[in-house]
Amino acid sequence: MPEERPSCLPVMSTMWRVLLLWVCVCICPPAQAQGALVISKRETLTEETKEDTGTGPVKKRITSSANVDVYSVRVACTVTSRFAHTVMTSKALNKANSTQEIRFEMELPKTAFITNFSMEIDGRVYSGEVKEKEKAKKQYEKAVSSGQSAGLIKAFGRNMEKFSASVNIAAKSSVTFNLIYEELLQRKLGQYEIVTRVKIENPVQEFQILADIYEPQGITFVEASATFLTNELLPLIEKTTSDTKAHISFLPTVEQQKCPRCEGTIINGYFIVKYDVKRKQSLGEVQVVNGYFVHYFSPPDLVRIPKNVVFVIDSSGSMHGTKIRQTQEAMAAILRDLHEDDHFGIVLFDDNISTWRNSLSKATKTNVSQAINYVKKTYAGSSTDINSAVLRAVSMLRSKRQDTKLSDRSVDMIILLTDGMPNHGVSNTQMIQQNVHSAIAGNMSLFCLGFGNDVAYSFLDVMSRQNKGLARRIFEASDVVTQLKGFYEEVSSTLLFDVELHYPDNAVGSLTKNHYSHLFNGSEIVVAGQLTQNDMDNFLVEVFAQGPEGNVQVKEKASGADWHMVYPEKEYIFGDFTERLWAYLTIQQLLERSDIGSEQDKKNATAQALEMSLRYGFVTPLTSMVVTKPESDDSAGRSLIADKLTEDQRQQADRRKVSKAPSAPLYRGKGDVDGDPHFMIELPDRDDALCFNINDKPGTIFNLVRDQKSGFVVNGQIIGKKKLVPNGNNNTFFGRFGITHQKLGLRLEVSTQDISVFYNSKQVRLLWSDTTFLKDTGLDLRLTNNCSMTVTLRHSVKFLVIKHTKIWKRRHDQQEYLGFYTLDSHHLSPSVHGLLGKKTAGSQFYHGVEFEATELHPGKIQDKFDAIMYVKGQKLNVTRHWQKDFSRDVKNGEIIHCWFVTNDGRGLIDGTASDYTVSDLFTV
C-alpha cells in the first residue's frame, strides 16, 4: 500500500482493538472437529447489558487492550492409540493499575468431552467441578439472584461448540487459563487428522502448536502441512517420526508471526497433520492397560460390497431456489460415483410421490446419465409427505429383492434428504417412525440428511438409528454440495455388514457396543471393555460378518505372537487411556440409547450415562462443569458453568438466534462505497467481508441503490487521480453522489467541494466547513469536522458521506474523494436494486449473502493469500485483502479484512458492471 492516509482530522491511534488472537485446534476429521482459542481485550468502560437470565441489567467491565498483554499460547494434542487428549493454555498479564477483565473463548469438537477447566491467578488454582446439570443450574441461578457476577457458558455451531469465560484480574496480576478435552479420533476415508486452525491478530511472545502421536501397532505415514505456509515458514514445521511415534511442532517467533506488508500477522489458515496406522492382523489389534482392553478392527484388503440404494429427495415448496439447485448438483456428482454393479432408484416427494422408474436400475452409464437429467428437471412443489416417500423406497427395494434381481451379497440402503417437518399424509413423527421401522424390519439401512434449520432433526436422528443408519445435519451455506458429497463418500462403500465381535464371557465385562451394521471403507470399529482375569493366553476373539462372498467367520486365540499386547510397563504418552477410552465410548453409546427403545430403557441408559459422566469428570449433555472464583477477598464468588448441548438443543438455539436477529437488513449485510477497492460488503453475522472494485473510466455514473417503492436512489460518479502517474497505477475513486428521495421531494448533490440540497422547492448550498445542520420535516442533515455528513431521512434510511483527503508524502501529492455508508436501511423495501441492491427483484447485499471460502494458500502476490470461494452458485478465485471502514471512526478508520473478488466483481454481483451504469447523476 502507498504511504497515504485520510487527512480530514489528525491521525490518532486506533482505540478499539477487540479481538487479539484466535487459535483453533481440531483433533479429528475436519467434518467433525475444530477448535478455537480466543483471548479478548477491550477498551475500559462500564456498560449495562441484559443477560439471558432475565434478572435485569448486569454491570460489566471491559478491559483496555493496551493494559492487557497475552504473552503465551500453547496448544498440545497428545494421541495414544487414537484417543486424543488436548490441553490449551494461555497466559495473560494485567499491566494496568486497576482491575481489568480478560475473556477466554475456546471452540472444541462437538464429539469431544471437556474434562477440566482451571484458572491460575496469583499462584492460586481455581479448578472446575463436574456436577449434575440441574444442580449446576441451580447454583448458577442462585449466584445471579444474589447479585453475584455469573456466566452461563454454552454455545453451538456447525462442527464446533464454544466454551468461554471471563475473569477480573487485579492490577499487575496474571492469569493462566487451562482447558482440557478428550475424544476418540474417528478414522474416515483411510486416515486420521489433527487440524489446527490458526488466526493470530497480533504476534504472541510464546506461541506453540504441538502434536505427539503414539500408535503401538506402527504408523504408516505422517504428513504435516499448512495453508498459510511461505518459504520462510516452511522450515518451522518440524516432524520427528519412528515406527510407533511421531512428534510435530510449529513454534514461530514474534518476528516470524508478523506480516511484512500488512497489519497483523501472516499466520491465518489451517495447520494439518494426517496419519494412519499399520493393519497387518485380519482381526485387528488388541491393547491392554491396567485391566481394560480396546480392540481396533479394520482389516486391510477387503473388497467392497455392491449396494442397492434409493435416494428419497424432498421437493416440497421449502426446497425452492438455492436448496433444490444445490441438491441437483450434489446428486449429479453422487450418481456419477455409482459402480456398475450397484442398483439405484430415485423418489421425489412433496405431497405427491413420483419416481424416476418404478423399479431399481443397474448403474450403467446410460442409466446414470438419464437419472441426472431427471433430477435436473426437479422443481419445488407444496407440502411434505415423508411417510409415503420412505415407504415407497422400502417397497421398491423389497420388490426388487423378492424378484431375485439383487445379489444376496449386496446391501440395501435408503438415503433420505429433507428440509422440513412432515405435514401431509401421516404427520405424527412417532407414527412415521413406527411405520418405517415395521416396514424395514431390519433388512435395510436408512440414512437421513436434515437440510437447514427448520428440519425435524431429532425425528430423523432417531428414525435412522432405529434402522441401522445415522443422521447428519446439512447446514444451509454455499458448500451444501460438498457436505452432501462428503456424507455419501463416508457411507457409499460397505466392506462388511452385520459385523459381530465376540470375546470370552468369563474374561471380559462391561463391553461397549460390539455389533455394527456396517464397516465402511476407510473406517474402523472400536470395542472396549473390562478384563475379569489376567490369563490372556486363552483370550479368544471371534468376528462374524457378511462379506461379498458370503459369511465371514474368523477366530483367533491371543498369544504373545498373535496379538500386540500392551501392559503397564510399556511407555504411553498419557495414563490409563484404555479406561478413559472405554468410559468415553460407553457414555456416548448410552446417550444414543437414551433416545430409542422403551421408556424404561431410556431411563436406565440416562441414569448410567449420568453416573459415568460424574465418575470420570466428563462434561456431557447430562452434566456441567462449575468453576467458582472469588471476585475479591471480601466479595462473593463468581460462578462459571460449562454446558454441552445435544444436536437437537443446538438446533433449537440456532432457531432462537435467528428469531431474535434484527429484521433490519443492515445487520445481515452492509454495503459501503469507499476508497479503492470501491465496494466493501460487511457481514457482521460472519465477522467477515467481501470486496470488489470497478475501475471504469472517469465520468462513469453507477446506480448504487434504487428502491422504487420509496423513490430512494443513490448514484455515484467515478473520478480519476488528480495527478496521473506515467505508466503507473492510476486508480479511480468516487467523486460525486446524487441522492434522491421522491416521496420526500428531496435531492442531494454531494461533491468534494460542497453539498447542494434541493427540498421544499428550495436550494441550499453547504460547504464541508459549515458547522450548522439542516433539520426539516423528514430531513436531518448534520455536518461535522469538515469531513463527514450524516443524513437521516425519516421513516426511510440513514446514511453517511465522508470526504477524504489521501496524501502521498513522497510524491507531494494528494487526492480528494468520497465514501458512502448506509447506517440504517431497515425501512427500505425488500426489492432494493443497484450495485448494493440488485439488478432484479430482491436485495443483493442489504439482506446478506451466503458464501464459503476454502483452500487458502499463498498467493501470487507476496504475503497475500488466495482461496476458492463458492458464492451464488459460482466458483471464484479470491484474495485475502484488507480495507478501511471509516463509518465508526472517521479519523483513522477500522481495518476490515475481506475476500477480494477480481474482474469487476463478476460472479459476486448479479450481471455485469455495465448493467448498473446510468446517464445522469439523478437518473431514477
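Residues numbered from 1 in each chain as written. Predicted model: local features only at pLDDT ≥ 70, side-chain atom pairs only at ≥ 80, totals over all residues. Heavy atoms only, no water.

A few words now on helix α5 (residues 386-402). Between its terminal C-alpha atoms α5 stretches 24 Å, which fits the 24 Å expected from 17 residues at 1.5 Å a residue. Within the sequence span of α5, burial applies to Ile-386, Asn-387, Ala-389, Val-390, Ala-393, Val-394, Met-396, Leu-397 and Lys-400. Buried-residue contacts for α5 involve β22 (307-314), β23 (343-349), β24 (353-355), β26 (411-418), α6 (429-440) and α7 (457-466). At the C-terminal side of α5, Thr-404 shows a positive phi close to 55°. (Helix = DSSP H or I, 4+ residues; strand = E, 2+ residues; numbered from the N terminus. Expected span 1.5 Å × (residues − 1). Buried < 20%, exposed > 50% of the residue type's maximum accessible area, 1.4 Å probe, protein only. Contact = heavy atoms within 4.5 Å.)

Let us now look at the sheet that holds strand β21 (residues 292-297). One open sheet accounts for four strands, arranged β20-β21-β32-β30; its pairing is antiparallel. Looking at strand neighbours, the two that pair on one side only are β20 (285-289) and β30 (508-509), the edges of this open sheet. When β20 meets β21, the two strands line up antiparallel, connected through five bridges. Residue pairing in the sheet places Val-289 in a bridge with Tyr-292 of β21. Against the sheet, helix α9 (residues 577-593) touches β20, β21 and β32 (525-531), its axis set at about 70° to β21. (Pairing = 2+ DSSP bridges. Axes fitted to C-alpha atoms, helices over the stretch in contact; angles between N-to-C directions.)

Counting buried positions over the eight residues of β22 gives eight, a clear majority of the element. Inspection of the sheet shows β22 paired to β26 by seven bridges, in the parallel sense. Each residue of the ladder has a partner; that of Phe-311, found in β26, is Ile-415. As paired strands, β22 and β23 are joined by seven bridges and run parallel to one another. Bridge pairing in β23 links Val-312 to Val-347. Crossover β22 to β23 through helix α3 (residues 322-336) is right-handed. (Right-handed = clockwise from strand over helix to strand, strands pointing away.)

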